[in-house]
Amino acid sequence: MKFSIDKNEQYTVFSLLEENLNSIMAPLLKSEFIIARNEGISNFILDVSNVKFIDSSGLSSILTANRLWKGFGSFVITGIDHPSVKKLIEISRLDSVLE
């Protein structure tokens, strides 16, 4: 899985550099979320601007991150630019759950 991490004093930006967030990538991404949370990163930003496709496993990994940071800090998803990704987030009504 290709990604970049930009750690700042107040927040960390995790940019996923893959076009697909699917059942192959989701477990790896969940592991990265757990590592970041265990490192004590309290404000986590997930940038999905490179992602063009998300399946149910990918959505599950995003919801896992949302649960990990609930009550601990903040989890924000950004870069929902691709039309298919945007539509899936809206159809699944995650736009009302996620920041």
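Details of the structure are given in the entry above.
**Q** I keep staring at the sheet that holds strand β1 (residues 3–7) and nothing clicks. Help me out?
**A** By definition, the strands of a sheet pair up through backbone hydrogen bonds, in either a parallel or an antiparallel sense. Read from one edge to the other, the open sheet built from four strands follows the order β1-β2-β4-β6, with strand pairing classed as mixed. Unpaired on one side and paired on the other, β1 and β6 (74–78) mark the two borders of the sheet. This sheet shows a mean twist of 15 degrees between the axes of neighbouring strands, independent of strand direction. In terms of strand pairing, strand β2 (residues 12–16) meets strand β4 (residues 43–47) through four bridges, oriented parallel. Each bridged residue has a counterpart across the sheet, and for V13 the counterpart in β4 is I45. Packing of helix α2 (residues 56–69) onto the sheet brings it into contact with β4 and β6, and relative to β6 it is tilted by some 150 degrees.

**Q** Whenever I open this one, the nonpolar core confuses me. Can you help?
**A** Nonpolar side chains in soluble globular proteins tend to be buried together. Counting residues in hydrophobic clusters, the biggest one holds 23 residues, and the most contacted among them are L21, F44, L46, I62 and F75. Elements with a contribution of two residues or more to this core: β2, α1 (26–38), β4, α2, β6 and α3 (83–91). The leading source of residues in this core is α2, at four residues. If we skip the residues at most four places from it in the chain, L46 touches F14, F33, I62, F75, V76, I77 and T78.

**Q** I tried to follow the side chain of D47 on my own but got confused; where do I start?
**A** Relative to the helices and strands, D47 is located in strand β4. One buried charged residue, D47, forms no salt bridge at all, with the nearest opposite charge on K86 at 13 Å. For D47, the side chain forms a polar contact with the side chain of S49, separated by 2.9 Å. Those residues within four positions of D47 in sequence are excluded, and the remaining contacts are V13, F14, S15, L16, T78 and G79.

Parameters at a glance
- Per-chain numbering applies: the sequence of each chain, read as written, is numbered from 1 onward.
- pLDDT decides what is reported in this predicted model: residues at 70 or higher carry local features, side-chain atom pairs at 80 or more are listed and counted, and totals for whole chains, interfaces and linings draw on all residues regardless.
- Where side-chain values are given, they derive from all heavy atoms of the structure, hydrogens and water being excluded.
- If DSSP finds at least two bridges between two strands, the strands pair.
- Note on conventions: DSSP H or I runs of at least 4 residues are helices, E runs of at least 2 residues are strands, and numbering of each starts at the N terminus.
- Convention adopted: a line fitted to C-alpha atoms gives each axis, helices being fitted over their contacting stretch, and angles between N-to-C directions are expressed from 0 to 180 degrees.
- Here, two residues are considered to be in contact whenever any of their heavy atoms come within 4.5 Å of each other.
- Put simply, buried Ala, Val, Leu, Ile, Met, Phe, Trp, Tyr and Cys residues joined by side-chain atoms within 4.5 Å make one nonpolar core.
- Throughout, exposure labels follow a simple rule: accessible area from a 1.4 Å probe, protein chains only, divided by the maximum for the residue type, with under 20% read as buried, over 50% as exposed, and the rest as partly exposed.
- Charge counting treats Lys and Arg as positive and Asp and Glu as negative, with His and both chain ends excluded.
- Salt bridge, as used here: a side-chain nitrogen of Lys or Arg that lies within 4 Å of a carboxyl oxygen of Asp or Glu.
- Any N or O atom pair separated by 3.5 Å or less is treated as a polar contact, with the protein-specific requirement of one donor-capable and one acceptor-capable atom, and with residues adjacent in sequence counted only for side-chain atom pairs.

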